[in-house]
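Chain by chain, the residues:
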Amino acid sequence: MINNRFGNFRKPLKFIFFISLLISTSSAFAQLPTDIKNVKVDELTDAQIKQYMAESEKSGIPEAQQESLALKNGMPPSELSKLKERVEKIRASATTVVPNTSTATPPENTPPVGTLGPPTTDKVVVVETTPLATSAPVEAAPINPQSVYGHHLFKDNNLLFFEKASDVKAPDSYIIGPNDELTVSVFGFSYFNEVLKVDARGAINPTNIGPIMLKGIEFGKAKELIRSKFSQFFDLSNNQLTVTLSYSRVININFVGEVVKPGSYKIPALNTAFNALIAVGGPSALGSVRNIQIRRNGKTIKVLDVYEFLNDPNSKMNFYLEDNDYLYVAPSEKTVSVTGAVKRPMKYELKGKESLEDLIFYAGGLTAGAYTKLIRVSRLGDDGTQLQMINISLDSLKANRKKYELKDGDLIEIGDKVGELRQYIEISGSAFRPGKYEFRKGDKLSDLINRANGLKPEARLDKAYLIRTNPDRSKEYFMVSLENALASKSDTAVNLMLQEGDLLKVASKIDFLDAKSITAAGLFRKPTTIDYFPGARLTDVIFLAGGLREEANKQRAFVVRIRPDFTKEFLNVNMEEAMAAPEDSTKNIFLQPGDAISVISVTDFIDKMNVSAIGLFRSPGNYAYANGMTLSDLLLLAGGLKMEADLLNVEVSRISFFADDYKQGDASRVIIKVMQVGKDTKLTPDQLDFKLNPFDQIFVRMVPDFELPKNLTISGEVKYPGTYALAKKDEHLDELIKRAGGLNRFSFAEGATLYRPSLPGSYVVMNLKKALSNKHSRFNYILKEGDVLNIPRVIDLIGIQGDVEYLTVVNQTQVNSPYVQGKRAGYYVKEFANGFTSTSFKRKTYVVENNGKVSRTKNFYVFKIYPKVKKGSIIYVVSKPVKEKNARKQAEPVNWTKVIENTTVKITGLITLYLLLRTVAN
């Protein structure tokens, strides 16, 4: 609309003169500064500028005069520049498909622009963007039969949500409130145009007219009230008056209950309660569509019912909200499902004592084939464990004027009438229009044939069958002559009278003929099956099958023919001769029905031979052999040799069967040929031109001990730290140290570490000092790729950790002490850590050296020897394990009788044993 209105507006300066003229002469714009020098473009709304643009277009004053006149009257150049920018933006937005947000300063109390969705603060703010088009219908998505009817209204674009507070036409039922802006225009003999804002009292204040109270009344009545007031100041019989809502106030609405996204939202007041529910995604799966409450000041002022809105065109459900209203969606109380013969089978929400008839009404009514004498209701029993089946007759309910009340969870099934087709006769088979036809009393065979547009030429007239179904469902077969029936239509003896349900089966002559075809298979360009025709020859089939392929064996093909006794015979045919002499029936033979021609390929008789490139080729594998193939050809096919290939030993494995000196009958064997390169380490031309035989295998192996450089790292106190390549596979630690320039004077060899990532735990126990002093030392390791050897700087401190007195007092994890040569771990604990504690596990004390070696305390029965301590070591003192105290058993009273009895038994046993031993001794 904007684009059409200002399509011819090319430059923004056309209306500048009009602004100047209005400001200086018209009282209708008294709200603007009386001096053009004081015009502030930022204070003008887009609606005002659009109006000025339209009037400037009508004035016809040249653009240059408008600009010069505005500057002459004192309009600041900076304001003129702003004005031009505003017009350009408005014009650009008018030419785009989607208008941009207005660049004018938003009206007072307009909410900040935000996003629609879960808020980042306490409020949820609706985006003020382009309004949805109200003129174009929105296609609704199909209703999901598994959802409750009514939920689709808020999720499938069946309602529009107005996201912008301006440029939307308000309906007459819209309720006017504070902060709404109305544009009132009078044009004709008089002129008046103002954007009037409804103040906090609810009134607008047109210039020179006085306040008009509009708060709380509908927009349609507000227009009548404004017209009545303006008629006192303008002659409206000679002028036209228009009132539009140019800006709708923004209100805060609280959505609670069973909604998808509850919270507080700021939305334009143009939205009804139903529109507003779209902003929060509508009711949730548990939410009611029949009990949507609008609460204001703690009271429920309106209850909305979606079903009333959808089914009653006179319902007053377009209810407008006010600031701080609460929209509460209650949980649904009764949900039932209906399936079968209704127009909209799905789930429905019912209120109170709504009945089966109400459900059918909400479901769009019954279909034409609904069976109403038996309706099944599946209902959960009172005990909640068993499902009850209830049969209801809707006809009886209507006859007795009764209502059947439904319960929550009911499933209603309405079946279709099972209809049986009656009053028909049928013809099938070789008729032009086979099928069922209406039975008329007195119909004969000829009448049925005429209704079917007659019989096809291939129909058998001598014999057909009339099949009749008896009342007991048994069938009778009558053989009839259609030829006689059609020739003597009046003779009911041959042109039989028909009965209801009769079926006339007309056979086709083709049904009684065996299929006659010729098959072309194999190396034809288009293998196919063709119908046999008299006089068919080989060349006919070759032509109809698209000819023979290039690799076809034309000298020898086969025709498989079926003899009269159904045995098969093979005929050898020469396709080349048949095509050269098409009239010679001995070569271009005549074919018979059922013949199958098979043409084979010449390549089927050629052995597929190859040669193999094995080893250090760039692309090793098998390659097809060709006559005259050389070693150079194979190298080219295999991409050449890799750099690590050993050209001193190229080996060819060959089967003697293909050798020049092979004689038929000799045993086949493998011949090995080794090629030696010359001094320039290249294959000679004679070697490259070496002729290959089928199934030759060429082996190229790797140079002995070939390896790509493998690196390791040495860091710390050596002369040349850094990355080194292994010089040989068995390079030792001492050799690497020599290559690195040896240790410097700050090195701490005892604390050197070796990190090997390929090992579990990675670190290797080291003693670099021994490794360097004795090359046969077990610590003089063979180095591997990825090793990291670190030689630290001299460390003069000793660390003590664990259960010692000093650490329990200062609450630290480690105490550090100077190194004292020759002293053991016990000395350091007593001297520098204030000794062991009562819980120290002294015999478990151990020392970890800087190179990873662990030394433990040696325990003897009377005394213990603590481990030696070297520079950089850490002493660990372990705590004794805490033993659980056994629960004391309650004292039980002593049974002295039992004690005396047990003691007597034991004494008696000892005396008996003593006497026996004495007897044996005697």
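This one's a predicted model, so the numbers in the text were calculated from it and none came from an experiment. All chains use their own residue numbering, which begins from 1 and follows the written sequence. Given that this is a predicted model, residues contribute local features only at a pLDDT of at least 70 and side-chain atom pairs are listed and counted only at 80 or more, while totals for whole chains, interfaces and linings are drawn from all residues. Each side-chain value is derived from all of the structure's non-hydrogen atoms; neither hydrogens nor water enter the calculation.

*Asks:* Give me the overall build of the protein: which residues, what numbers.
*Replies:* Working definition: helices are DSSP H or I runs of at least four residues, strands are E runs of at least two. Numbering for both runs from the N terminus. What the protein contains, in helices and strands, is 22 helices and 43 strands. Per-residue accessibility, obtained with a 1.4 Å probe over protein chains only, is compared with the maximum for each type, and a residue is labelled buried under 20%, exposed over 50%, and partly exposed between these values. Counting every position in the protein, which comprises 922 residues, the buried fraction comes to 38%. Residues are treated as being in contact if the distance between any of their heavy atoms lies within 4.5 Å. Pairs at least 24 residues apart make up 61% of the contacts formed inside the protein by residues separated by at least 6 positions. All accessibility values rest on the Shrake-Rupley procedure with a 1.4 Å probe; residue burial counts only the protein chains present in the view. For the protein, the accessible surface area stands at approximately 54700 Å², while carbon and sulfur atoms represent 53% of it.

*Asks:* How would you explain a nonpolar patch on the surface if you had to name every residue and give the values?
*Replies:* Nonpolar side chains (Val, Leu, Ile, Met, Phe, Trp, Tyr) within 5 Å and like charges within 9 Å form the patches, drawn only from residues with over 30% relative accessible area and no salt bridge. What counts as a salt bridge is simple: a side-chain nitrogen of Lys or Arg found within 4 Å of a carboxyl oxygen of Asp or Glu. Where nonpolar side chains cluster on the molecular surface, the patch consists of Phe 860, Tyr 861, Val 862, Phe 863 and Ile 865 and spans about 650 Å² of accessible area. Within the fold, Phe 863 resides in the loop between β41 (858–859) and β42 (864–865). On the basis of relative accessibility, which here comes to 48%, the residue Phe 863 falls in the partly exposed class.

*Asks:* So, the sheet that holds strand β22 (residues 517–522): which residues are in play, and what are the values?
*Replies:* Spatial strand order, β23-β22-β26-β24-β25: five strands in an open sheet with mixed pairing. Only two strands of the sheet have a single neighbouring strand rather than two, namely β23 (528–531) and β25 (568–573). Across the sheet, the mean angle from the axis of one strand to that of its neighbour is 20 degrees, orientation sign disregarded. Strands qualify as paired when DSSP identifies two bridges or more between them. Axis definition: a line fitted to C-alpha atoms, limited for helices to the stretch in contact. Angles are taken between N-to-C directions and run from 0 to 180 degrees.

*Asks:* Explain the pattern of salt bridges to me, and be specific about the residues and the numbers.
*Replies:* Where charged atoms from two side chains of opposite charge come close, those side chains can pair. Counted under the stated rule, the structure contains 26 salt bridges. In this structure, Arg 563 engages Glu 569 in a salt bridge whose closest nitrogen and oxygen atoms are separated by 3.6 Å. By sharing partners, the salt bridges in this structure join Arg 290, Asp 305, Lys 351 and Glu 354 into a single network.

*Asks:* Describe the confidence of the model for the protein, and please don't skip the residues or the numbers.
*Replies:* For every residue, the pLDDT score states the predictor's confidence, bounded by 0 at the bottom and 100 at the top. Confidence along the protein averages 80 in pLDDT terms, with 81% of residues attaining 70 or more. At the low end of the mean pLDDT range in the protein sits strand β1 (residues 124–125), at 34; at the high end sits strand β21 (residues 503–506), at 96. In this model residues 1–34 is a low-confidence stretch, pLDDT under 50, and it forms 80 contacts with partners more than four residues away in sequence or in other chains. Here residues 95–141 is a poorly scored stretch, pLDDT under 50, and it has 76 contacts once near neighbours within four places are set aside; other chains count.

*Asks:* Describe in detail unusual backbone geometry, supporting the description with residues and values.
*Replies:* Here Asn 453, not a glycine, exhibits a phi torsion of approximately 65 degrees, which is positive. Positive phi values are uncommon outside glycine, yet Arg 473 reaches one of about 75 degrees. Here Arg 473 shows up in the loop between β19 (464–469) and β20 (475–480). Exposure remark for Arg 473: the relative accessible area of 58% places this residue in the exposed category.

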